[in-house]
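One-letter residues, chain by chain:
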Amino acid sequence: MRIEVLGCWAPYPRPDEACSGYLVSAGETRILLDCGHSVFGRLARVTDFRRLTAVFVSHFHPDHCADLPALRHAIKGALKDGSRSGRLPVYAPGAPAEDYSRLASWDDAFEVRRLEDMAGGELTVGAVRVAWVPGEHPLPGYALSCSAGGRRLVYTGDTAFREEIVAFAAGADLLLAEASGLEKDLEFLQGAHMTAAQAGETARRAQVRWLSLTHIYPEYDVGRLKAEAARALGREALAASEVRIYELEEI
């Protein structure tokens, strides 16, 4: 299983970069996790958008979904010219209702389904088994897990520290954990986001093989975030801004 980081910044990207977007590939399966600001252009650099198997939206804040309209028009054009044969499945939270309804109305390109309607909180998409659990955030949102070939990626989405996320991530090969701030920001982030140290603590308790920090505030020193995460983890932490491609067979 291969994970390509298309973007990792929040709530806006650094110059020539992108917000949250991660392409998961296994065989011919291509799954896009989130599609924030500038993600579509970066997606087009690494794969043909027509080959996408599905999209999963963790929640409806713009830094996670702002480029969905661009993807919609690309898929719509591909359907029209015959270069793609079917609408693109998009899985997303059912709330806020107005956001979900807007997305669902784009049925000229997307086949949209509520994550809440999927029995058991998991399904198989091509060669990948995808599962999800709720996070803790001002908008309803989900952490996502992708499994294929005996390897597993867990992506926290946006969430405060939760015991449920620790349990969900247990034993993962790679944890892409949001690290929205430093320890000095803990009170400000409470109930919405994790600090880098909390990301490290989540990874340590979940006993994951590798931790990579994502959802990084563009003005922060990435090295300082990694250092705080590493102290809590007890070993090296990576940063999604520095490691663009993960081959889970290798790490």
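Everything here concerns the structure above.
Note that the coordinates shown come from a computational prediction; the quantities given were computed from them, not determined experimentally. (Residues numbered from 1 in each chain as written. Predicted model: local features only at pLDDT ≥ 70, side-chain atom pairs only at ≥ 80, totals over all residues. Heavy atoms only, no water.)

Within this structure, the stated rule accounts for seven aromatic pairs. Here the aromatic rings of Phe 40 and Phe 49 are separated by 5.8 Å at their centres, their planes lie at 50°, and the arrangement is tilted. A relative accessible area of 13% places Phe 49 in the buried class. The interplanar angle of 45° and the centroid separation of 6.2 Å between the aromatic rings of Phe 56 and Trp 132 together place this pair among those described as tilted. In this pair, Phe 56 sits in strand 4 (residues 54-56) while Trp 132 sits in strand 8 (residues 128-134), placing the two residues 76 residues apart along the sequence. Each member of the pair Phe 56 and Trp 132 is classed as buried. Among the aromatic residues, ring-to-ring pairing joins Tyr 12, Tyr 217 and Tyr 220 into one connected group. (Phe/Tyr/Trp six-rings, centres within 6.5 Å; stacked < 30°, edge-to-face > 60°. Buried < 20%, exposed > 50% of the residue type's maximum accessible area, 1.4 Å probe, protein only. Helix = DSSP H or I, 4+ residues; strand = E, 2+ residues; numbered from the N terminus.)

Time to look at the layout of surface pockets. There is about 250 Å³ of room inside the largest pocket. Tallied by class, the residues present in the lining of the largest pocket amount to seven nonpolar, four polar and two charged. (1 Å grid on protein atoms, 1.4 Å probe; cavity = no way out; pocket = protein on both sides within 12 Å on 5 of 7 lines; lining within 4 Å. Points joined across faces, edges and corners; volume = space filled by probe spheres on them. Nonpolar A, V, L, I, M, F, W, Y, C, P; charged D, E, K, R; others polar.)

An ideal rise of 1.5 Å per residue puts 16 Å on 12 residues; helix 8 (residues 222-233) measures up with 16 Å between its terminal C-alpha atoms. Turning to helix 8, its buried residues number three or more, namely Val 222, Leu 225, Glu 228, Ala 229, Ala 232 and Leu 233. Viewed end-on, helix 8 has its buried residues packed into an arc of 135°, placing them on one side of the element. Residues of helix 8 that are buried sit in contact with helix 7 (196-206), strand 12 (210-214) and strand 13 (238-239). Two or three places before Gly 223, at the start of helix 8, stands the capping residue Asp 221, its side-chain oxygen 2.8 Å from that residue's backbone nitrogen. The first or second residue beyond helix 8 is Gly 234, which carries a positive phi of 90°. (Expected span 1.5 Å × (residues − 1). Arc of directions from axis to C-beta. Contact = heavy atoms within 4.5 Å. Polar contact = N/O pair within 3.5 Å; in protein donor to acceptor, adjacent residues only side chain to side chain.)

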